[in-house]
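Single-letter residue listing:
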Amino acid sequence: MQVSGSRLPSGGRIDREKPIGFSFDGRSYSGYAGDTLASALLANGVSLVGRSFKYHRPRGIFSAGIEEPNALVTFGHDGRRDPNVPATMVELVEGLEAQSQNRWPSLGFDVLAVNQVFAPLLSAGFYYKTFMGPTRRAWLFYEHFIRRAAGLGKASLQPDPDRYDTEYAFTDVAIIGSGPTGLAAALSVARSGARVTLIEQDGAIGGQMLSQPSEGAAADWLAAAGADIAGFPQITVRTRSTAFGLYDGNTIGIVERRDHLGPEPGQTRQLLVLLKAQSIIFTTGAIERPLLFADNDRPGVMLASAASTYLNRFAVACGRTIVVATNNDSAYATARDFAAAGSKVTVLDARPASPLADSARKHGITVLQDHQLLAAHGSPVSAVAFRSGSSEARLSCDLLLTSAGWTPSVHLTSHLGIRPIYDARIGGFVPGSFAAGHFGAGALMGDYTTAEAIERGAAAGLGAACFCGRKAEPHAIPTPDLDEGIARDLPALAVPRRGKVFVDLQTDVTTSDIALSDREGFRSVEHLKRYTTLGMGTDQGKTSNVHAIALMALARDQSIEQTGTTTFRPPYSPVAVGVLAGRSIHGHFKPIRRTPLHDWHLRRGAEMIEVGLWKRPLFYPEHGPDVGAAAIAEMKLVRSAVGLVDVSTLGKIEVAGPDALTFLDRLYVNNLGKLQVGKGRYCVMLRDDGIVFDEGVVIRLAEERFFLTTSTMKAADVQSWMEFLAQTAWPDLRVHITSVTDEWAMLALAGPRSRDVLAAAFPDIATDDESLPKMAVVTGTFAGEVLRIQRVSYSGERAYEIHVGSRRGAALADHLMAAGQPVGVEPYGVDAMGALRIEKGFAAGSEIDGTTTLDDIGLGGLAKKSGGFAGAVLSRRPTLTNPDRRRLVGLQCLDAGRQLRTGSILFSEGAPQRGHGIGHVTAVTFSPETDKQIGLALLSGGPERIGETMLATFPVRNEMVRVRVVSPVFVDPDGARIDA
Amino acid sequence: MSIKVDDRFQLFEVAAWSEKGLEALLASLDLPLPQVGEIFAEAGSRVMRITPRLAWVLADADTLLQWPATDGGVIVDLSNSRLRLHIRARAAEVLPSLVPVDLERLGPTAFVASMMHGIPVTILRAEGGFDLLVPRTFGASLIEWIDDATAGCPGVSRATA
Amino acid sequence: MLAITCPNCGERNSNEFRYGGDASIVRPSHEDPSEEAWFRYVYIRDNPKGPHREYWQHVGGCRGWLIIERNTSNHVVLGVRRAGECR
């Protein structure tokens, strides 16, 4: 038999002109615009909506808001599937399809309800105590089944097709919560002229006033306030917007839901709003607590105020014969509402007296004072058991409503670490304090009459306006005349000793679990939470946390203040990962950096790879069917004729000023004092701890003007480092640092025929060896832009780097290709480029890895003997000059047909293979020149081991190859080719 | 909304060793010294004062800028390093999806150097919308980003030239 | 999102800035030969709970280095000024 829910013939804030069809568990139902899924289900008499987490007990709708622990549903299909959504928060839209969760095969007949038989095995922390034997691996066996039974809804594994956007918003005063307190605050601020953003989780403003009768003093007040709000253009109202977190910098994280608009492709489904406010007013209200009694989780048991909401806002009477059990006055309003709707109402008041008892009786309500609720009977509820004095009795009913007071929603106020404090008056926690510019008012602060709330909301508005520097005058806001009961000065919590008493409905945590947790020594409230999982569900314990703390305090015989609360962290309620990602997905996850030749590479069919944020050509498929074959062809081309490579990704920095030379001389290990105008030098810089930081070529363009390059990956770090030194360490030096990475396109021509290409391309520029010796620079023009040519080599071949303004980069490449056609110039990619430098033993990023010194990589000779450069002093520390350090060597693979891998660990032949070995492989390639697999490595004892045979092991793939230690210069050891 | 790409303009970074030095350098081009964070605009030229001693001079392609022999400062030609995006749209509707800057608090003579999608950009007010100076190598990526991020804005129809 | 008011650019989100280490320690002169002085400068730090002077660079804006006084326990920014000579 189902609890009869029925739609009242009139009243409520639903639109009876707009009926809406929806389905739940495959059955079709009908509701109205303005309904939630929960109110529509109740209107259709549906009382069973889910099965509980552990015990699979039947559950019904418990509340009317975000605090709902039971009625979690899944709706949507495939990639749009949304599990664990509280039915109380779902706006009813045409065609909505919802499914209940955590039951098989059906809600009515759930096989796992058998768990209730095993209840004693499933108490708090069971997985630490049971299912532990007979062997140590037994848990892995049980875990498989427990995991499948765990959880509530199931997430989709398909990609989410919906669109989520991000908005950055600003305001003077942000007000969180649009109940009467928030509305009063908004009007108060707006009158001062300041900008206001009013944030409301519901689809309509009004807060608790929406749960009052839809005709009467409250409704009139709300309508008037709404009209006033609409009259202020500086008030922005954001409904369907949940403020889920308060962050540093007075930033509020908000999710605005547009799901109700339906799945239109390309339309924003949810919007992340990062709202920055100068001042914030918290008017987040309070959530009702239930009484604790045996079998308090049965369908048909609800929060008193929730039943009023269904009655007054949605015109749904959830029962005809109602028991209202309470320990405070606020539930009397619910009793009156139902009596007026024609229900038979009995109030069980735990207190000996109440000022509202007499007027309640006048409305035909039976009021029984000094009556303790003991248990609910029937599923759904059909009777209650209670005690009065020493006797116990029962009462029939079809709806049991309870109230044990109200818990202020302090979450956001404590996200930045301000702990809430206990207010014994209301039996709950209120904000501990407020930072400058933050204010709180209303039920959040324990002000429970509507009149108090409105007054204090208006005062908070004044405070906020003044904080923003506005002139604000108090303005009387009318308060509605409501006959209210307030929840203050509550009796101590009464907990029955018999039966299953649930504290956290969503995680199936009972009073005996809390007692068990205490007995087993989990004494801190943080441990209680994690051991029992109380408060860890999607409702985050909104109706159970305070009870749990009170029970813990009882068990430990201490005060609630001493027990304390757990830490509140964002999000206040669940937030989809998709809305946090926004549009930073797929190709937009990070920006893409393209060189001036990007399209030029694509037109030639280049295979591109990502190097940091850059796209670079790995190889050109016109040279071979795969990267291996193509790179070999490209390498051979460079060594025998000439190749063209795009090196525009190198960091480029201009350093200029009267003290530029001094600055660079202190920065680099090299002695730059003798660097002449028009010449360049290969330079290295260290970190302050003596480790090699980066390397590049420094060119002196003029007496006081230098142009230097950095490695691609370190460009940003080097620029910041240089600016740090110039602005903080040596501010007296007159030097200016500018990044020109994007200003210049840079191409390298490498190979014995490179000079021929230059001569053909630039007949007006003298590029012979006398005019352009090694490391020198000449300047000219190309297509109206400055052109620079430097003779410098990264491959060991005769080579030149050509710089031109980046808007002419592609044109320059075309020009060089045309000029070089007679000698067979071809472009080559980064794979070949890297392989060529390995053949020459040039240290690059894989050897300059943040652990190596100048000596380690064989460049010790570059450093000024006198020191005086960054990192000089600490570079001479014993740990960095230890001769056993790993130093640069070459490796030749001795096992034909086997592959040497980067990262391989080196051991001497015959030595035990344990630990990190005596060296590691930093770079590998096939060398067409030597027809062998070669590599570079850092090896303890380095150059002294040349000639020895080692084992290079790669444990991840269980591989091992024999290698011989050789000089790292595999090709042209005399360096003759550079003059070819 | 329309996005037009312009790479025909002049851009110079002007740095001096003192505020007076910066004033003198700009004066040699008949340009004034704005406040830090402010922009001065006149036919063909704009001056943006980035820090007390550092400014950018942005000029049309055909404006003749005769730089003095640099004494008391450093002048770096950055004309190739940026693309200028002319974005024609209601700034108030479009910018909130792109960059966390409070437009209402900005005076009419302000320019903004900030970050969009992790890319450093300079935002300038313009007739009918706003201009962005973006590093050339990030230009295409930023246009794709702006196109995509603003597609959710009400009343934005896209046309990228 | 920490908010930092750059003296050149105005109030911005912290993700436009790059943290640059402790600003309460003094860098030895570049000619200082003392290994002890450099070791202390590179490796030894206090870790205060409370106000902390530190370097930040506004890489997303003016690229100026700033000295910021920030409370490490609650992120409240107590002061911001340009480092060294004004950039």
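Residues numbered from 1 in each chain as written. Chains lettered and ligands numbered in written order. Predicted model: local features only at pLDDT ≥ 70, side-chain atom pairs only at ≥ 80, totals over all residues.

- Looking up chain C in an unreviewed UniProt entry gives the name Sarcosine oxidase subunit delta, with the organism given as Devosia nitrariae.

- The name given to chain A in an unreviewed UniProt entry is Sarcosine oxidase subunit alpha, with Devosia nitrariae as the source organism.
- Taken from UniProt, the Sequence similarities (unreviewed entry) comment for chain A reads in full: "Belongs to the GcvT family." (UniProt positions renumbered as here; feature names shortened; annotations may be inferred.)

**Things to note about the overall build of chain C**
Right, so step 1: Regarding its fold elements, chain C presents one helix and six strands.
Right, so step 2: Start at the N end of chain C and walk to the C end: the helices and strands fall as β-β-β-α-β-β-β.
Right, so step 3: Dimensions of chain C, computed from C-alpha atoms along their principal axes, come out at roughly 40 × 30 × 15 Å.
Right, so step 4: The proportion of buried residues among the 87 residues of chain C is 31%.
Right, so step 5: The contacts in chain C between residues at least 6 apart in sequence include a share of 48% that link residues at least 24 apart. (Helix = DSSP H or I, 4+ residues; strand = E, 2+ residues; numbered from the N terminus. Buried ≥ 20, exposed ≤ 12 C-beta atoms within 10 Å, placed from the backbone. Contact = placed C-beta atoms within 7 Å.)

**A word on the interface of chain B and chain A**
Right, so step 1: Each partner contributes to the interface: chain B provides 30 residues, whereas chain A provides 30 residues.
Right, so step 2: Those elements that place two or more of their residues in the side of chain B that touches chain A are strand S2 (9-16), strand S6 (73-77) and helix H3 (139-149) of chain B.
Right, so step 3: Of all the elements, H3 of chain B adds the most residues to the side of chain B that touches chain A, at six residues.
Right, so step 4: Split into classes, the residues belonging to the side of chain B that touches chain A amount to 16 nonpolar, eight polar and six charged. (Nonpolar A, V, L, I, M, F, W, Y, C, P; charged D, E, K, R; others polar.)

**Quick word on the sheet that holds strand S42 (residues 785-791) of chain A**
Residues and elements named next belong to chain A.
Right, so step 1: Spatial ordering of the open sheet is given by S41-S42-S43-S40-S34-S44, a layout of six strands whose pairing is mixed. At either end of the open sheet lies a strand with only one pairing partner, and these are strand S41 (777-782) and strand S44 (826-827).
Right, so step 2: With five bridges connecting them, S42 and strand S43 (residues 799-805) associate as antiparallel partners. If you follow Arg788 over to S43, its bridge partner there is His803. (Pairing = 2+ DSSP bridges.)

**Brief notes about helix H16 (residues 627-640) of chain A**
Right, so step 1: Compared with an ideal rise of 1.5 Å per residue, which puts 14 residues at 20 Å, H16 of chain A spans 20 Å between its outermost C-alpha atoms and is within 8% of the ideal.
Right, so step 2: Every buried residue of H16 of chain A is accounted for by Ala630, Ala631, Ile632, Glu634, Met635, Leu637, Val638 and Arg639 of chain A. (Expected span 1.5 Å × (residues − 1).)

**Structural notes on the pairing of strand S4 (residues 51-57) of chain C**
Consecutive residues of a regular strand have side chains that alternate between opposite faces of the sheet.
Residue and element names in this part refer to chain C.
Right, so step 1: Bridging between strand S3 (residues 18-22) and S4 involves three bridges; their strand directions are antiparallel. The partner of Asp22 across the bridge, within S4, is Glu54.
Right, so step 2: Bridge count for S4 against strand S5 (residues 65-71) is seven bridges, and the pairing is antiparallel. Paired with Tyr55 across the bridge in S5 is Ile67.

**Section: the UniProt feature "domain: Aminomethyltransferase C-terminal" (unreviewed entry) in chain A**
Right, so step 1: Here the UniProt-annotated "domain: Aminomethyltransferase C-terminal" (unreviewed entry) positions come out as residues 886-972 of chain A.
Right, so step 2: For residues 886-972 of chain A, helix accounts for 0% and strand for 51%, while the C-alpha atoms at its two ends are 25 Å apart.

**Observations regarding the packing of H16 of chain A against helix H21 (residues 830-839) of chain A**
When two helices pack together, their arrangement is given by the angle between their axes and by how far apart the axes lie.
All names here are of chain A.
Right, so step 1: Following both chains from N to C, one finds H16 and H21 inclined at 60°, their axes separated by 8 Å at the closest point. Relative to H21, H16 is oriented oblique. Judged by the sense of rotation from one axis to the other, the crossing of H16 with H21 is right-handed. The residues of H21 that touch H16, namely those facing Val627, Ala631, Glu634, Met635 and Val638, are Asp831, Ala832, Ala835 and Leu836.
Right, so step 2: Each residue belonging to the contact of H16 with H21 can be placed in one class, and the counts come to seven nonpolar, no polar and two charged. (Axes fitted to C-alpha atoms, helices over the stretch in contact; angles between N-to-C directions. Parallel < 35°, antiparallel > 145°, perpendicular 65-115°, else oblique. Left-handed = near helix turned anticlockwise from the far one by under 90°.)

**Some words on the sheet that holds S4 of chain C**
Right, so step 1: The antiparallel open sheet is built from four strands, whose spatial order is S3-S4-S5-S6 (chain C). Strands at the two margins of the open sheet, each flanked by one partner only, are S3 and strand S6 (77-82) of chain C. Neighbour-to-neighbour, the strand axes of the sheet open up by a mean angle of 30°, direction not taken into account.
Right, so step 2: Bridge analysis of S5 of chain C against S6 of chain C gives five bridges, and the strand direction is antiparallel. For Ile68 of chain C, the partnering residue across the bridge sits in S6 of chain C and is Val80 of chain C.
Right, so step 3: Contacts between helix H18 (residues 715-729) of chain A and the sheet are confined to S3, S4 and S5 of chain C, with S5 of chain C contributing the most and set at about 85° to the helix.

**Details of the packing of helix H10 (residues 511-519) of chain A against helix H12 (residues 545-556) of chain A**
Residues and elements named next belong to chain A.
Right, so step 1: Following both chains from N to C, one finds H10 and H12 inclined at 45°, their axes separated by 10 Å at the closest point. Taken together, the axis directions place H10 and H12 in an arrangement best described as oblique. Our pair here, H10 against H12, has a crossing hand that is right-handed. Residues Thr511, Ile514, Ala515 and Asp518 of H10 form the contact with H12, whose own contacting residues are Ala548, Leu551, Met552, Ala555 and Arg556.
Right, so step 2: Along the lines of polarity and charge, the residues of the contact of H10 with H12 split into six nonpolar, one polar and two charged.

**Looking at the nonpolar core**
It is characteristic of soluble globular proteins that their nonpolar side chains tend to be buried jointly.
Right, so step 1: Val655, Tyr668, Leu747 and Leu749 of chain A together with Ala55 of chain B are the most contacted members of the largest nonpolar core, which has 172 residues in total.
Right, so step 2: Considering each element in turn, this core owes the most residues, eight residues, to H18 of chain A.
Right, so step 3: Two domains each donate at least three residues to this core, and these are domain 1 (9-77) and domain 2 (81-160) of chain B.
Right, so step 4: Those residues in contact with Val655 of chain A that lie beyond four places of it in its chain are Ala660, Phe663, Leu664, Phe706, Leu708, Val735 and Ile737 of chain A.
Right, so step 5: Judged by nonpolar contacts, the second largest core, of 94 residues, contains Val301, Val345, Leu399 and Ala550 of chain A. (Core = buried A, V, L, I, M, F, W, Y, C linked by C-beta atoms within 7 Å. Domains from an automatic or database assignment.)

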